[in-house]
Amino acid sequence: MRRVGRFLARYWVMAVGLAVLAYMAAPVVVVLLLSFNQPANRSTTFLLDDGIHWTLNNWTDICGGSETICPALSTSIQVGLISTLIATVLGTLIAFALVRHRFFGRGASNVLIFLPMATPEIVMGSSLLALFVSAGVPTGFGTIVIAHVMFCISFVVVTVKARLAGMDPRLQEAAMDLYATPFATFRQVTLPLVMPGIVAAALLSFSLSFDDYIITTFNSGNVVTFPLFVWGANQRGIPPQVNAIASAMFLIAFVFVAIGQIRNARRARRAATS
Amino acid sequence: MTVPTQPTGGHAGDLELSAVTKRFGAFTAVDQLSLTVPEGSFFALLGASGCGKTTTLRMVAGLEEPTAGTVVLGGRDITRVRPYARPVNTVFQSYALFPHMTIAENVGFGLKQKRVGRKEIADRVREMLALVELTGFDHRRPAQLSGGQQQRVALARALINRPQVLLLDEPLGALDLKLRRQMQIELKRIQTEVGITFVHVTHDQEEAMTMADTVAVMNAGRIEQLGAPTEIYEFPTTAFVANFLGQSNLLTASVTGANGGDVLVEAYGKRFAVPAGRCRVSDGSAYLGVRPEKLHVAVDSATVPGSHIHVPGEITDSSYVGVSTQYLVRAPWGEELSVFAPNSGTEGPLQPGAHVSLHWHPSHSFLLARDNEVAEPVLEAA
Amino acid sequence: MSTVLATSAGSGTAYEPPPEPVAGGRRRRWLPYALLLPGFAWLGLFFAAPMVSLFTTSLYDPSGSEETGYQLTWAFGNYWDALDLYHEQFLRSLLYAFIATVACLILGYPLAYAIAVKGGRWKNLMLVGVIAPFFTSFLVRTLAWKTILSDHWIVVGGLKRVFALGDDFHLINTEFSVIAGLTYNFLPFMVLPLYASLEKLDPRLLEAANDLYATPWRTFRQVTLPLSLPGVVSGTLMTFIPAAGDYINAELLGNPKTTMIGNVVQSRFLTIHDYPLAAALSFVLMAGILIMVLIYVRRAGTDEVV
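Sequence order sets the numbering: in each chain, residues are counted from 1 along the sequence as written. To read the labels, note that chains go from A and ligands from 1, taken in the order they are written. Selection of residues for local features in this predicted model requires a pLDDT of at least 70, selection of side-chain atom pairs for listing and counting requires 80 or more, and totals for whole chains, interfaces and linings are taken over all residues. For the side-chain quantities, the full set of heavy atoms in the structure was used; hydrogens and water were omitted.

Participant: Explain the overall build of chain A here, please?
Facilitator: What counts as a helix is a DSSP run of H or I of at least four residues, what counts as a strand is a run of E of at least two, and both are numbered from the N terminus. The helix and strand inventory of chain A stands at 11 helices and 0 strands. Helices and strands in chain A line up, N terminus first, as α-α-α-α-α-α-α-α-α-α-α. Taken over the C-alpha trace, chain A has a radius of gyration of 23 Å; the compact-globule value for 274 residues is 19 Å, which it surpasses by more than 25%. Seen through its principal axes, chain A has C-alpha atoms that stretch 70 × 70 × 35 Å. A buried classification covers 54% of the 274 residues belonging to chain A. Counting contacts in chain A only where the partners sit at least 6 residues apart, residues at least 24 apart contribute 72% of the total. Side-chain charges of chain A comprise 18 positive and 10 negative groups, with the mean position of each set lying 18 Å from the other. Between the two quantities, the radius of gyration covers C-alpha atoms and the globule rule is 2.2 Å times the number of residues to the power 0.38. Think of it in three bands: with a 1.4 Å probe and only protein chains considered, a residue is buried below 20% of the maximum accessible area for its type, exposed above 50%, and partly exposed in between. Should any heavy atoms of two residues lie within 4.5 Å, those residues are considered in contact. Within this scheme the basic residues Lys and Arg register as positive and the acidic residues Asp and Glu register as negative, but His and the chain ends are omitted. Charge positions are represented by NZ for Lys, CZ for Arg, CG for Asp and CD for Glu.

Here it is in structure tokens:
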């Protein structure tokens, strides 16, 4: 008993931490389980009250649940890709300006970048709708992209900024000292070194855009993204394929992250052993 | 590669800075600095941190633009030429190796920018890595190298371009003492071998003196003294230099007159004669300086050579440092003088409290101007 | 989330911009502005301008409609109406967000501490565990709580058996499930800033504190906690602000009595099309959040060592 006490005293922080991690993982595990379950009807898609009725149908017939499920998914992917591209370019430019230059208005610019992150999504979404309504702009695909780029920019800026700020400015000086023109310096030294930050920012943008419901719902018009589809279906009964799609997204992302981690670990090991 | 040339002055490839000034806001980092670095020489800019030496170097590299003045290299005004268009390369203090490139790519970077052929780049990189004794490291990344190896890569990366001037910004600062000494010898060897003008910025006076043909001592954005290491050490121009390079005993004195080839001075009621050739002033307030190793300690005043100046004193502190014993000796006027006595074995270390005679040859002393504002000379500025 | 990732990524050396622009950029004072222009134009047009537009909308004549058009009548009465009609939902939102934030702090701190200080070689794996749920659609994850908290599943069933609870014991569609959902959804926003600030903590400081005879608890109170305060502040803000404006959890996991201000804004805007009142509600929400944040930041700023 005393041994158990001492063990707990030593490891209680870790134990609590793991318990919290389990809390965070629980819904994901449930979604994975649900993706292999054949619900009695669509109102019980999110219930496992009488155990799991194992099936692979949700995976083999992933578009089959509804006529709109896969078009919604494809819309979300398109919106995500376009918004990510625009937000990453615009945000990266801002990050360069903020980190690499001192200019009048730099402090104010930093505040402006922070504001969208500190504004509730519902306010951003509704205000954008108010603007579109008063300007007579019809909402739809274009307005969704506009909204997504808007809230992704700040996240891109902070991510790229951190990477840039950690980069030794002497590397650029060294490149210029070695006959590289400003453009060559940017292409051969700055860009490759900032690239991991830009890639991280782009992935973040995509996941934010892909998963956004609140802002999208205000500015979507008749266009249906995947989260809008899930929300709408929730009122009538959700096709079980939704769980398979969510699980697939999770697994794809997980593989990406795992590959990245393994590569980092291997690189670190290689650097350490020589 | 060119044959090493001795500094001669007025050579075609000289680096000339004329009245160069650099201000950052209200702060003047470099103030009306003029100097000529002869082609092929090993030139050291020596000074404490913040004296403007690195800023001077960066202006030569083109990384800072002078507020005023001109930088001329080989007769061509390069003051406003962009860094990438100058035949000048830099070895940075932190090396600034490109972490995402291999050693070979790092070293070949400059040649690649100049659109040199792939084959030639490969050959010259191999040649260069051999020169800095890093053959076989081509495919490693900078993070996999030790500090000393990284430093040599940085050197190779700059040298491979055969610049007219190579700038070294405290390149040995991050290395431990033993590696530093080794690299100093290496650098000197390589410089002699390639014959390129080296401008070396350092705060380490020993480093400057062992490596450079010419040393410029900088202080507060200005050059205090420029000359060969021996000249600067043996006959400094100012109290700052006298104390920045090694230690000096500086006695507050005033010139009282002249006698033949000597300048007569008085300090603390005692009269001294200094050869005119060892004097930076001929009247007014002065410092009478003697290096600690030029002072001799005699237990018996009868053994003092007749040609020597001598003052009595009492040993207040003695520290044994192996090759020598360092004494502090209190003079009759209360000031403590520093003395380095070689441990040649003729006399055992003396204990504090011993009464001794301090003596030195007049030509081993020097006389410097004393501004009344500068009350105390700077000690241990490095 | 990214702020945090970002800070942790750059925790090594941060290079401040040089006093003078780096060579090459020195003759181009316009360059930073050119770099900022496209992004700031976007933010100006689609973030700042809408805010102004929303503010104007909140002052429109409330009797207008999409068909008849709106008139700017400086109808500050909209704000009064908003507070009068919905003060209950409004206070509830702030309360739920507050409880969820505290819960996130209580759950998130040990986790962040475990990862940063005790993680060792499992550090990265644990971080992936924190970030990975992000990649499953958050609506689906929130719906999954319906499964977990359902009346007949193992969690509620188990609780009923252990504590001998009656049949009227429910977790789903209660205040508990809404707050649990909020806590769940915003927990990573708490953990990551905390992790970033704890990770920068020099372990030697803790050793020094132990060396000076501080008990583990005193070490934590007097060294660890004050040093991680920036992470606590940014974590609470990143949790509280979105939680106060959220309506997904209330909608999916709650009942009509757990309606939050977000639900009202959403339905006023999208279902009832009562734009002036909805806009006024949005600004009331912003103001409420701003006041709480200001009080909080000021307290955290002045009483740094609690």
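Participant: Hey, could you run me through the interface of chain C and chain A in this one?
Facilitator: It is common to give the size of an interface as the accessible area that goes away when the parts come together. Each partner contributes residues to the interface: chain C has 89 residues there, and chain A has 92 residues. Taken together, both faces of the contact between chain C and chain A bury some 8200 Å²; the carbon and sulfur share is 78%. The term salt bridge refers to a side-chain nitrogen of Lys or Arg lying within 4 Å of a carboxyl oxygen of Asp or Glu. Across the chain C-chain A interface, the total number found is 0 salt bridges. Side-chain atoms alone can form a polar contact between residues adjacent in sequence; in general such a contact is a pair of N or O atoms within 3.5 Å, and within protein one must be able to donate a hydrogen while the other accepts it. In this structure, the connection of chain C to chain A is made through 7 residue pairs in polar contact (both at pLDDT 80 or more). When residues of the side of chain C that touches chain A are assigned to their parent elements, the largest contribution, 19 residues, is made by helix α2 (residues 31-57) of chain C. Throughout, the accessible surface (probe 1.4 Å) given up by two parts as they are put together, summed over both, is called the buried area.

Participant: I would appreciate a short explanation of a nonpolar patch on the surface in the present structure.
Facilitator: Residue and element names in this part refer to chain C. To count toward a patch, a residue needs a relative accessible area above 30% and no salt bridge. Like charges then connect within 9 Å, nonpolar side chains (Val, Leu, Ile, Met, Phe, Trp, Tyr) within 5 Å. Method for areas: the Shrake-Rupley scheme with a 1.4 Å probe, in which residue coverage is limited to the protein chains shown. Residues L95, F98, I99, V102, I106 and M292 make up a contiguous nonpolar surface patch of about 520 Å² in total accessible area. The biggest single contributor to the nonpolar patch is helix α3 (residues 77-118), with 5 residues. Tracing the backbone shows I99 in helix α3. For I99, a relative accessible area of 35% translates into the label partly exposed.

Participant: What should I look at first to understand the domain arrangement of chain A in this one?
Facilitator: Each domain's extent was defined by an automatic or database domain assignment. For chain A, the assigned domains read domain 1 (2-57) and domain 2 (67-238). Taking the mean C-alpha position of each, domain 1 of chain A and domain 2 of chain A sit 33 Å from one another.

Participant: What's the story with the domain arrangement of chain B in this structure? I'm lost.
Facilitator: All names here are of chain B. Domain boundaries assigned for chain B yield domain 1 (15-234) and domain 2 (247-369). Placing the centre of domain 1 and that of domain 2 at their C-alpha centroids yields a distance of 40 Å. Counting residues at the interface gives 4 residues for domain 1 and 6 residues for domain 2. Around 410 Å² of area is buried between domain 1 and domain 2 when both sides are counted, 20% of it from carbon and sulfur atoms. For domain 1, the biggest contributors to the area lost against domain 2 are Q225, Y233 and E234; these three give 93% of the whole. Applying the counting criterion to the domain 1 and domain 2 interface returns 1 salt bridge.

Participant: Can you walk me through the sheet that holds strand β12 (residues 262-267) of chain B in this structure?
Facilitator: In a beta sheet, neighbouring strands pair by backbone hydrogen bonds and run either parallel or antiparallel. All names here are of chain B. Strands are treated as partners if at least two bridges between them are detected by DSSP. In space, the 5 strands of this open sheet follow the order β13-β12-β11-β14-β20, with antiparallel pairing throughout. At either end of the open sheet lies a strand with only one pairing partner, and these are β13 (270-275) and β20 (365-369). Geometrically, the sheet is characterised by an average inter-axis angle of 45° between neighbouring strands, direction not taken into account. Here β12 runs beside β13; their pairing, made up of 6 bridges, is antiparallel. Directly across from A267, in β13, lies its bridge partner K270. With axes taken as lines fitted to C-alpha atoms, and helix axes fitted only over the stretch in contact, angles between N-to-C directions fall between 0 and 180 degrees.

Participant: Whenever I open this one, the pattern of salt bridges confuses me. Can you help?
Facilitator: If the charged atoms of two oppositely charged side chains come close together, the side chains can form a pair. Evaluation of the coordinates by the stated rule reveals 20 salt bridges over all chains. Notably, a salt bridge pairs B:K53 with B:E170, separated by 3.5 Å at the nearest N-O pair. Of this pair, B:K53 sits in helix α1 (residues 53-61) while B:E170 sits in the loop between β7 (165-169) and α5 (177-194), placing them 117 residues apart in sequence. In this structure B:K53 comes out as buried when scored by relative accessible area, which is 4%. Here B:E170 falls in the buried class, since its relative accessible area comes to 7%. Here C:D274 makes a salt bridge to C:R268, at a shortest N to O gap of 2.8 Å. Comparing C:D274 with C:R268, the two get one shared label, buried. Sharing partners across several salt bridges, the network here consists of A:E173, B:R58 and B:E64.

Participant: Can you walk me through the sheet that holds β7(B) in this structure?
Facilitator: All names here are of chain B. Pairing is mixed in the open sheet, where 6 strands are placed in the order β6-β7-β8-β3-β9-β10. A single partner strand is all that each edge strand has here, and the edge strands are β6 (88-91) and β10 (222-227). On average, each strand axis in the sheet is inclined to that of its neighbour by 20°, with strand direction left out of account. Here strand β3 (residues 42-46) pairs with strand β9 (residues 214-219) via 4 bridges, running parallel. Its bridge partner being in β9, A44 is matched across the sheet by V215.

Participant: Would you mind showing me how to read the side chain of C:T57 here?
Facilitator: With respect to the secondary-structure elements, C:T57 resides in helix α2. Among the residues examined, C:T57 registers a relative accessible area of 4% and is labelled buried. If sequence neighbours within four positions are ignored, C:T57 has contacts with A:A130, C:Y275, C:P276 and C:A279.

Participant: Any chance you could explain the side chain of B:R124 here in plain terms?
Facilitator: Residues and elements named next belong to chain B. When you line up the elements, R124 lands in helix α3 (residues 118-131). Given a relative accessible area of 11%, R124 falls into the buried group. Contacts of R124, omitting those with residues within four sequence positions, involve L111, I160, N161 and R162.

Participant: How should the packing of aromatic side chains be read in this particular structure?
Facilitator: To describe a pair of aromatic rings, you give the distance between the ring centres and the angle between the ring planes. When the centres of two rings from Phe, Tyr and Trp lie within 6.5 Å, Trp using its six-membered ring, the rings pair. Their planes under 30 degrees apart give stacked, over 60 give edge-to-face, and anything left gives tilted. One pass over the full model with this rule turns up 25 aromatic pairs over all chains. Ring geometry for A:F36 versus A:W54: centroids 6.4 Å apart, planes at 40°, classification tilted. With A:F36 in the loop between α1 (2-34) and α2 (57-60) and A:W54 in the loop between α1 and α2, the pair connects residues that are 18 residues apart, well separated along the chain. Among the residues examined, A:F36 registers a relative accessible area of 26% and is labelled partly exposed. Aromatic ring contacts, followed pair by pair, group A:Y23, C:W145 and C:Y184 into a single cluster. Here, over-ring charges are defined by two tests on the NZ atom of lysine or the CZ atom of arginine: distance to the ring centre within 6 Å, and angle to the ring normal within 35 degrees. A cation over an aromatic ring shows up here: B:R280 above the ring of B:F235, its NZ or CZ 3.7 Å from the ring centre.

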